[in-house]
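Inside the fold
If you want the building blocks of each chain, they are given just below.
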Amino acid sequence: MAPGAARRVRRRPRSMPPARSAEDWWWERLAPSGSEFHLQQSDSMLLVLPGPGPARAHAQRRAARRAQRQPLPGPRAAAAEARPRPEPQRGPDPGWGDRLPLEILVQIFGLLVAAEGPMPFLGRAARVCRRWHEAAAQPALWHTVTLSPPLVGRPTKGESKGEKKLLASLEWLIPNRFSQLQKLTLLHWKCQVHPVLKLASESCPRLTFLKLSDCHGLTPDTLVMLARACPQLHSLDLQHSMVESTAVVSCLEEAGPRMRRLWLTYSSQMTAILGALLGSCCPQLQVLEVSTGISRNTIPLQLPVEALQKGCPQLQVLRLLNLMWLPKPLGRGVAPGPGFPVLEELCLASSTCNFVSNEVLGRLLHSSPRLRLLDLRGCARITPAGLHHLPCQELEHLYLGLYDTSDRLSLAKEGSPLLTQKWYCTLRELDLSGQGFSEKDLEQALAAFSGVPRGSQLALCSLNLRGTRVMASTVSSVISSCPGLVYLNLESCRCLPRGLKRAYRGPEEVQWCLEQLLTSLPSPS
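Residues numbered from 1 in each chain as written. Predicted model: local features only at pLDDT ≥ 70, side-chain atom pairs only at ≥ 80, totals over all residues. Heavy atoms only, no water.

Considerations on the overall build of the chain
- Summing up its helical and strand segments, the chain has 20 helices and 18 strands in all.
- Taking all contacts inside the chain whose residues are at least 6 apart in sequence as the whole, residues at least 24 apart take part in 75%.
- Carbon and sulfur atoms make up 54% of the accessible area of the chain, which totals about 29,800 Å². (Helix = DSSP H or I, 4+ residues; strand = E, 2+ residues; numbered from the N terminus. Contact = heavy atoms within 4.5 Å. Areas by Shrake-Rupley, 256 points an atom, 1.4 Å probe, with all protein chains shown as cover.)

Below, the structure is given as C-alpha cells:
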C-alpha cells in the first residue's frame, strides 16, 4: 500500500456538528448573544425580557466543553483572531412600545382618532399590549363617538337582534370609556334608542352635542332625562328621525336657555316646536335649520318673521331648505321687527314653489350688516334691485341659481351689474346659473371684476354661469382678471363655442379654458 494511501486511511474522519434542539433554535432566534435580552419560560408562553438573564444549565455545560476542546493557538488561529469580526446586525427593538411614555402614546392615538374616529381603532389598539391598552382606555380619546347597529337594511327582527347585541357591549363601554364624551351620534336605531340614551345620561355628564338620524322609538321623557343629566348639552340634531313634537318641546323647555344649535325636519307637528321658539324658549339660539325629509311635505310653512326675530335675537345661521315657505304678511301699522343683527348666513334654497320676494327678504335682513352667505337658489321672485338695497356690504357667497326652471332663458332680465358693482371686492362664490340676463347685461356685470386697479387681489374663486347667455370675450376677461378662480361652470351656455361648455375644476383647467377661448375669438381687424 502506498504511503499516501495509508495516511489517507489512518486520517480520522471529520465529525458532524451536533444537531440543535428546538429550544436552542428559538433561543438564538429571539435572544441572540449580545442583544441584551433573554428568554423566560412561563406557563403558556415564551417571554423575551430585557437584560441578561440566568444562563441555562445545559448551556453552561456546553460552554465548558467548548473551552476544553479549544486548540492551541497556531499561525492560522492567530491570523483569524487578527481579522476584524463584523458586528452582528441588530434588528428593531421589540420593546419600544413598552418604553414609550404614556403621554406621547396618547397624543399619537389622539391624532389617529381625530382623523378616523375612536372606533374601531381604539378597540383594536387595546388588544396589542398592556401599554397600548392603557393608552386606548384614556377617556379623553373618546370625545366623539358614532354608534350604528351592524345590521342595517335587514328585516325588523334582524335589526332588533343587532341592536341588542351592540347594546350589551355598550353597557360596559359607556360607563368605562365615555366619561368625557362630548359628541354622540346615533344612526339607524329602531328599537333600543331609549336604553342607549339612558346609559349616556348616567355616564356622560359632559355631553354637548346629540344627533339622532333615522332613529325611531324615542319616548317623550327620554330627551328630558338627557337634558337634565347633561347640563352642558347645547346642540340637538333630530333631522330624519321619528320624534314626537311633545318630546322636543319638553326638551327645549328644559334646556332652552343654554340651547345654541338646533336641526329639525319639517312635518305636520312643526307648529308646536315653532311656537316654543317664537315664545323665547331659546333666547341664545345661534343656528336653526329646518328642512324637508325624503317624502316632500306639501303643507306650506307659515313663519312669522318678526316673531322669530324677537324669539331668537342671537341667530347667526338660519336655513329653511327646500320648504314651501309662506311668510305671514306684515299687517298695516305694524312696525318692522328688530331683525337679526348678528346673522351671518341665510339659506332659503328650494326646488319647489317659493314665495320669497324682495319685500320678505328686506324684512329678514334689514338689520343684518354682518351677512356673509346668502343662498336664494330657486327664489325666482328675487331681483337684483332688491338685493342691492340690503345693508350687508361684505357679502362673500351669493347663490341665485335657478335649476328647475328651463323656460327662464326666454325671459330676459336686467340689473345684474347692481350685484357685482356692490360686492365685487368681497365675493368669493357667485352663482348665476339659469338666470335670463342678456348678453350685454352679463358683460357689464362681469366687467366689474376686470376694472379693479392693479395691485388689488380679487377674492373670486368660484363662478357658476351654467345656462346663461354669457359670451366668450366676457368669460376670458373674467379669467384673466381673477387669478384665484378654481371653479368655472359653463355648461349649456349657448353663446360659447362647442367643446367648451362644461365645468372646469382647478386652476389648470381654468387656464386651459382661457387659452381655448383666446384662440377661438376673432382677431381684431
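Considering empty space enclosed by the protein
- Within the structure shown, the criterion is met by two cavities of 30 Å³ or more.
- In this structure, the largest cavity spans a volume of roughly 60 Å³.
- Lining the largest cavity are C379, I382, T383, P384, L400, K413, L419, Q435 and F437.
- Of the residues belonging to the lining of the largest cavity, the class tally is six nonpolar, two polar and one charged.
- Reported here for the second largest cavity is a volume of approximately 30 Å³.
- Together, L320, L323, W325, L348, N354 and V356 line the second largest cavity.
- Class assignment for the residues of the lining of the second largest cavity results in five nonpolar, one polar and no charged. (1 Å grid on protein atoms, 1.4 Å probe; cavity = no way out; pocket = protein on both sides within 12 Å on 5 of 7 lines; lining within 4 Å. Points joined across faces, edges and corners; volume = space filled by probe spheres on them. Nonpolar A, V, L, I, M, F, W, Y, C, P; charged D, E, K, R; others polar.)

A few points about the confidence of the model for the chain
- Looking at the chain, pLDDT values average 81 and 75% of them are 70 or higher.
- Note that residues 406-411 has pLDDT below 50 and, in this model, eleven contacts with residues that lie over four places away or in other chains. (pLDDT = per-residue confidence, 0-100.)

Overview of a nonpolar patch on the surface
- Side chains of I104, I108 and L112 sit close together on the surface and give an oily, nonpolar patch of about 230 Å² of accessible area.
- Along the chain, the position of L112 falls in helix α6 (residues 102-116). (Patch = residues over 30% accessible without salt bridge, like charges linked within 9 Å, V, L, I, M, F, W, Y side chains within 5 Å. Salt bridge = Lys/Arg side-chain N within 4 Å of Asp/Glu carboxyl O.)

Describing the side chain of S416
- Among the secondary structure elements, S416 is positioned in the loop between β14 (397-399) and α17 (417-423).
- Taking the relative accessible area as the measure of exposure, S416 reaches 1% and is therefore buried.
- Here the side chain of S416 touches D441 through a polar contact of 2.3 Å, side chain to side chain.
- Other than its neighbours up to four places away in sequence, S416 contacts P384, F437, D441, L442 and A445. (Buried < 20%, exposed > 50% of the residue type's maximum accessible area, 1.4 Å probe, protein only. Polar contact = N/O pair within 3.5 Å; in protein donor to acceptor, adjacent residues only side chain to side chain.)

Re the side chain of T420
- In this fold, T420 is placed in helix α17.
- Owing to a relative accessible area of 2%, T420 belongs among the buried residues under this scheme.
- Polar side-chain contacts of T420 include one of 3.4 Å to the backbone oxygen of P417.
- Here A445 takes part through its backbone oxygen, which lies 2.7 Å from a polar atom of the side chain of T420.

A few points about helix α15 (residues 358-365)
- Regarding α15, the residues found buried are V360, L361, R363, L364 and L365.
- Summarising the contacts, the buried residues of α15 are in contact with α14 (305-311), β11 (325-327), β12 (345-347), β13 (373-375) and α16 (384-388).

Quick look at the packing of helix α12 (residues 245-255) against helix α13 (residues 270-278)
- The contact between α12 and α13 brings their axes to 8 Å, and the two run at 15°. Our classification of the angle between α12 and α13 gives roughly parallel. In this structure, α12 meets α13 at a crossing whose hand is right-handed. From α12, S245, V248, V249 and L252 reach across to α13, where they touch A272, I273, A276 and L277. (Axes fitted to C-alpha atoms, helices over the stretch in contact; angles between N-to-C directions. Parallel < 35°, antiparallel > 145°, perpendicular 65-115°, else oblique. Left-handed = near helix turned anticlockwise from the far one by under 90°.)

Re the packing of aromatic side chains
- Evaluated as defined, the whole model comprises five aromatic pairs.
- Ring centres of F109 and F121 lie 5.3 Å apart, and the angle between their planes is 90°; on these two criteria the pair is classed as edge-to-face. Separated by twelve residues along the polypeptide, F109 in helix α6 and F121 in helix α7 (residues 121-125) bring together distant segments of the chain.
- When the centroid spacing of 5.8 Å and the interplanar angle of 40° are considered together, the rings of W142 and F178 count as tilted. Of this pair, W142 sits in the loop between α8 (130-136) and β3 (144-147) while F178 sits in the loop between α9 (156-177) and β4 (183-187), placing them 36 residues apart in sequence. (Phe/Tyr/Trp six-rings, centres within 6.5 Å; stacked < 30°, edge-to-face > 60°.)

Brief notes about the pattern of salt bridges
- Within the structure shown, the criterion is met by ten salt bridges.
- Between R372 and E394 there is a salt bridge whose closest N-O contact spans 3.2 Å. Residue R372 is found in the loop between α15 and β13, and its partner E394 is found in the loop between α16 and β14; the two are separated by 22 residues along the sequence.
- What makes R372 partly exposed here is its relative accessible area of 26%.
- Residue R377 pairs with D375 through a salt bridge whose shortest N-O separation is 2.6 Å.

Remarks on the environment of E253
- Mapped onto the elements of the fold, E253 is located in helix α12.
- It is 7.9 Å that separates the C-alpha atoms of E253 and A276, two residues lying 23 residues apart in sequence.

Regarding the pairing of β3
- Covered by surrounding structure in β3 are V145 and L147 only, the residues T144 and T146 on the alternate face being uncovered.
- In the sheet, β3 pairs with β4 via four bridges, with the strands oriented parallel. Each bridged residue has a counterpart across the sheet, and for T144 the counterpart in β4 is K183. (Pairing = 2+ DSSP bridges.)

Digging into the packing of helix α19 (residues 472-481) against helix α20 (residues 507-520)
- Running from N to C, α19 and α20 cross one another at 140°; their axes reach a closest spacing of 9 Å. Put simply, α19 runs oblique to α20. At the point where α19 passes α20, the crossing takes the left-handed sense. Contacts between α19 and α20 involve A472, V475, S476, I479 and S480 from the first element and V510, Q511, C513, L514, L517 and L518 from the second.
- Considering only residue class, the contact of α19 with α20 consists of eight nonpolar, three polar and no charged.

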